[in-house]
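# Summary of the model geometry
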Amino acid sequence: MTDEEERRFRAVLFSELGNEIADQGWARFPAYTPEDRRRLVDVAQRLTAHWGQQVFVEAEDQCRLRLCLAGYEVHPKSLPERS
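Scope of this entry: the structure provided in the associated data block. Please read these numbers as outputs of a predicted model, since none were measured by experiment.

## Re the packing of helix α1 (residues 3-24) against helix α2 (residues 34-51)
- Two elements in contact, α1 and α2, have axes whose closest approach is 10 Å; the angle formed by their N-to-C orientations is 60°. Put simply, α1 runs oblique to α2. In this structure, α1 crosses over α2, and the sense of that crossing is right-handed. Facing E6, F9, R10, A11, L13, F14, L17, G18, I21 and A22 of α1, the residues of α2 in contact are E35, R39, L40, D42, V43, R46, L47, H50 and W51.

Have a look at this one:
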């Protein structure tokens, strides 16, 4: 992507994911590459600065991140104890 395309894509993510988070407290988005993950972390940081409220980033699996407000986090299941 060119710098301009990257800027526009991040602006779209900021708007679309921001609206979804505002509506339901969380949003998920594919993140297949390290650059995808960095982009989503950047969007979460920008939303945090914009709203003055922390937007958390959680990995749902190897290919998807979840952005959420406090209270909408998915708590990891505890691992079974070894015997």
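## Comments concerning the environment of E6
- Among the secondary structure elements, E6 is positioned in helix α1.
- Residue classification places E6 among the buried positions, given a relative accessible area of 16%.
- Along the chain, E6 and R39 lie 33 residues apart, while their C-alpha atoms are 9.2 Å from each other.

Conventions we followed
Residues numbered from 1 in each chain as written. Predicted model: local features only at pLDDT ≥ 70, side-chain atom pairs only at ≥ 80, totals over all residues. Heavy atoms only, no water. Axes fitted to C-alpha atoms, helices over the stretch in contact; angles between N-to-C directions. Helix = DSSP H or I, 4+ residues; strand = E, 2+ residues; numbered from the N terminus. Parallel < 35°, antiparallel > 145°, perpendicular 65-115°, else oblique. Left-handed = near helix turned anticlockwise from the far one by under 90°. Contact = heavy atoms within 4.5 Å. Buried < 20%, exposed > 50% of the residue type's maximum accessible area, 1.4 Å probe, protein only.

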